[in-house]
Amino acid sequence: MIKSKVLIIDDEIEFASTLCQRLKLRGMAAVDVHSGTEGIASLPKMNPGIIILDLKMPDMNGIDVLEKIKEYDPSIEVIMLTGHGSSGSGMEAKEKGAFDYAMKPLDITELLSAIEAADNKRSKA
Amino acid sequence: MDINMENSIRQEQIESFGRLMAGFAHDMKNHLGIIRESNGLMGDILGMGALGEDATLVARLEKSIASIERRVVISANILHHLSGLAHRPDTPCSSFQINDLLEEEYAFLERFSRLKQVAVGWELGEGLPALYNDPALLQHIIYRIYSQCLELLGNGHTLTLLTAQEGKNTLIAFRFPKTSQVDEEIFGNDILRAAIAKIGGKLEILENSSDIVDIRLILSSLDVDNTLQP
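In every chain, residue numbers begin from 1 and rise along the written sequence. Here chains are named by letter from A upward and ligands by number from 1 upward, in the order in which they appear as written. Selection of residues for local features in this predicted model requires a pLDDT of at least 70, selection of side-chain atom pairs for listing and counting requires 80 or more, and totals for whole chains, interfaces and linings are taken over all residues.

J.: Can you walk me through the overall build of chain B in this structure?
T.: Segments assigned H or I by DSSP are reported as helices when at least four residues long, segments assigned E as strands when at least two residues long, and all are numbered from the N terminus. The helix and strand inventory of chain B stands at six helices and seven strands. Scaling as 2.2 N^0.38, a compact globule of 230 residues should have a C-alpha radius of gyration of about 17 Å, whereas chain B reaches 22 Å, well beyond that. Judged by the C-alpha coordinates and their principal axes, chain B covers about 70 × 45 × 35 Å. Exposure criterion: with C-beta atoms placed from backbone coordinates, a residue whose C-beta has 20 or more other C-beta atoms within 10 Å is buried, one with 12 or fewer is exposed, and one in between is partly exposed. A buried classification covers 25% of the 230 residues belonging to chain B. In this treatment the radius of gyration is a C-alpha quantity, and the globule benchmark scales as 2.2 Å times the residue count to the 0.38 power.

Here's what the structure looks like:
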């Protein structure tokens, strides 16, 4: 059972809302927002433990959003979503403090494993 | 027009195509992401017993959902390779694994062999050292040689792609059964030869007694200092 609240930040509204529904069906407390600015603004109110964050959004670069999240609360674990062909951008995100990264289109099993691992890390902290 | 200017225009054109393709691949992955999540959600709801006890209907829907999932994975894999291919011209020279480069390009070459009903075999060398060279130009050369090989082959033939290390050099070979005398000109037009020369490569045609032809592209890493010069 995932204890952390999950926030999805992705400008693709259909993607974010559908993923959110799938996480809720698995018993998670999940919320989706659709811009980097909205995501950062929602942190105090939503108090997420895990954030699933798109790397490329029109208003803000995912790496910049990641930095803001870590400034706000370093204990929040961020899983970056990337549509890039190589794992380079995902690795860069990990260097900047992301817990893990996943390639789009998502493999839900892999994402669930990453969420579980992030939740375990938070539980032990 | 000055030849250097013409080359610069062509170089920029290739870079523009690369960026356009990379953007296209990125957008398509987003669409596939939505399709995959929506399909997954249908599967989740179906798994919760939303359709009741109609086992036939459930089975039919499960089959469709699995089919969509399978096709999304195949499409995502092609787009993954397209992204890689499109980003190759980003830097004129870089370090890469020859097997990765071949597999990436093969995602697109496969179609041509399939249409000619030519089977493709693989004999990739293991643990090959990274090559420092011009990957975009090399992919262009591979495409040209591959296409020429297919011209000589037909239904039921097999084209085998091999990679190996030969001393300090890396070998890419295209092996196929000898169907007729291989004309060196087919693989050696001036533009292709110039492209091969530009990446410091060499092309050899070996016709073995066992009726096997090997088109051998021999490569080595370029000198880093030379490639940095304008």
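J.: What's the story with the overall build of chain A in this structure? I'm lost.
T.: Within chain A, the regular secondary structure consists of five helices and five strands. Counting helices and strands in the order they occur from the N terminus, chain A gives β-α-β-α-β-α-β-α-β-α. In terms of overall dimensions, chain A is globule-like: its C-alpha atoms have a radius of gyration of 13 Å, near the 14 Å expected for 125 residues. Within chain A, the proportion of its 125 residues that are buried is 43%. Placing a C-beta atom from the backbone of each residue, one calls two residues in contact when those atoms lie within 7 Å. At a minimum sequence separation of 6, the contacts of chain A that also span at least 24 residues come to 59%.

J.: What am I meant to see in the pairing of strand β1 (residues 6-9) of chain A here?
T.: In regular strands, side chains alternate between the two faces of the sheet. All names here are of chain A. Neither face of β1 is left uncovered, since the one carrying Val6 and Ile8 and the one carrying Leu7 and Ile9 both have all their residues buried. As paired strands, β1 and strand β2 (residues 30-33) are joined by four bridges and run parallel to one another. Across the sheet, Val6 pairs through a bridge with Ala30, a residue of β2. Look down the strands so they point away from you; if going from the first strand over the helix to the second traces a clockwise path, that crossover is right-handed. This β-α-β element, β1 to helix α1 (residues 13-25) to β2, shows right-handed connectivity. In the sheet, β1 pairs with strand β3 (residues 50-54) via four bridges, with the strands oriented parallel. Bridge pairing links Leu7 to Ile51 in β3. For two strands to count as paired, DSSP must find a minimum of two bridges between them.

J.: I'm lost on the interface of chain A and chain B in this one. Help?
T.: Many authors give the size of an interface as the accessible area that is lost as the parts come together. Taken together, the 16 residues of chain A in the interface contact 19 residues of chain B. Top element by residues in the side of chain A that touches chain B is α1(A). It accounts for seven residues. Within the side of chain A that touches chain B, the residues separate by chemical class into six nonpolar, six polar and four charged. All residues other than Ala, Val, Leu, Ile, Met, Phe, Trp, Tyr, Cys, Pro, Asp, Glu, Lys and Arg, Gly among them, are scored as polar; the first ten of these are nonpolar and the last four charged.

J.: So what exactly am I meant to see when it comes to the packing of helix α1 (residues 3-47) of chain B against helix α2 (residues 55-87) of chain B here?
T.: Helix packing for two helices is described by the angle between their axes and how far apart those axes are. Residue and element names in this part refer to chain B. Relative orientation of the contacting elements α1 and α2 amounts to 160 degrees, with a least axis distance of 9 Å. Comparing the axis directions of α1 and α2 gives the class roughly antiparallel. Both α1 and α2 take part in a crossing whose hand is left-handed. Residue composition of the contact of α1 with α2, grouped by class: 17 nonpolar, seven polar and four charged. As a rule, the C-alpha atoms of each element are fitted with a line to give its axis, helices using only the stretch in contact, and angles between N-to-C directions run from 0 to 180 degrees. Working rule for angles: under 35 degrees goes down as roughly parallel, over 145 as roughly antiparallel, 65 to 115 as roughly perpendicular, anything else as oblique. Working rule for handedness: look at the near helix, and if it is turned counterclockwise from the far one by less than a right angle, call the crossing left-handed; if clockwise, right-handed.

J.: Looking at this structure, how should I read the nonpolar core?
T.: For soluble globular proteins, the rule of thumb is that nonpolar side chains tend to be buried together. Put simply, a nonpolar core is buried Ala, Val, Leu, Ile, Met, Phe, Trp, Tyr and Cys residues tied into one set by C-beta atoms within 7 Å. Core analysis: the biggest nonpolar cluster contains 30 residues, and Val6(A), Ile8(A), Ile51(A), Leu53(A), Val78(A), Ile79(A) and Met80(A) have the highest contact counts within it. Excluding its chain neighbours within four sequence positions, the residues that come into contact with Leu53(A) are Ile9(A), Gly62(A), Val65(A), Leu66(A), Val78(A), Met80(A) and Leu81(A). Ile98(B), Leu102(B), Phe187(B) and Val213(B) belong to the second largest nonpolar core, which has 23 residues in total.

J.: What is the right way to read the sheet that holds strand β4 (residues 158-166) of chain B from this model?
T.: Note: strands within a sheet are paired through backbone hydrogen bonds, in either parallel or antiparallel orientation. Residues and elements named next belong to chain B. Read across the sheet, five strands follow the order β2-β4-β5-β7-β6 without closing on themselves; strand pairing throughout is mixed. Only two strands of the sheet have a single partner each, and these edge strands are β2 (119-124) and β6 (202-207). If you compare each strand with its neighbour and ignore which way they point, the axes differ by 20 degrees on average. Strand direction decides the pairing type here: β4 and strand β5 (residues 169-177), joined by seven bridges, are antiparallel. Bridge pairing in β5 places Leu162 opposite Ala173. The strands touched by helix α3 (residues 98-115) are β2, β4 and β5; relative to β4, the strand with the most contacts, the crossing angle is about 170 degrees. Across the sheet, helix α4 (residues 135-152) lies against β4, β5 and β7 (212-219), angled at about 20 degrees from β5, the strand it touches most.

J.: It is not clear to me how the confidence of the model for chain B should be interpreted in this structure. Could you clarify?
T.: Close inspection of predicted coordinates is inappropriate for parts of the model with low pLDDT. Residue and element names in this part refer to chain B. Taken as a whole, chain B shows an average pLDDT of 89; of its residues, 97% reach a score of 70 or greater. What pLDDT reports is the predictor's confidence in each residue, on a scale of 0 through 100. Mean pLDDT values for the elements of chain B range from 55 in helix α6 (residues 224-228) up to 97 in β2. Both scores are given for the predicted complex: the pTM is 0.78, the ipTM 0.85.

J.: For this particular structure, what's the right way to read the sheet that holds β3(A)?
T.: Residue and element names in this part refer to chain A. Within the open sheet, the five strands sit side by side as β2-β1-β3-β4-β5. Their pairing is parallel. Every interior strand has two partners, whereas the edge strands, β2 and β5 (100-103), have only one. Each neighbouring strand pair of the sheet contributes to a mean axis angle of 20 degrees, computed without reference to strand direction. The strands touched by helix α2 (residues 36-46) within the sheet are β1 and β2, with β1 carrying the most contacts at an inclination of about 165 degrees. Contacts from helix α4 (residues 88-95) reach β4 (77-82) and β5 within the one sheet, and its direction differs from that of β4 by about 165 degrees.

J.: Whenever I open this one, the domain arrangement of chain B confuses me. Can you help?
T.: Residue and element names in this part refer to chain B. How far each domain reaches was decided by an automatic or database domain assignment. Per the domain assignment, the segments making up chain B are domain 1 (3-89) and domain 2 (94-228). Across the contact, seven residues belong to domain 1 and six residues belong to domain 2. If you tally residues by element for the side of domain 1 that touches domain 2, the top one is α2, at four residues. When the residues that make up the side of domain 1 that touches domain 2 are grouped by side-chain class, the tally is four nonpolar, two polar and one charged.

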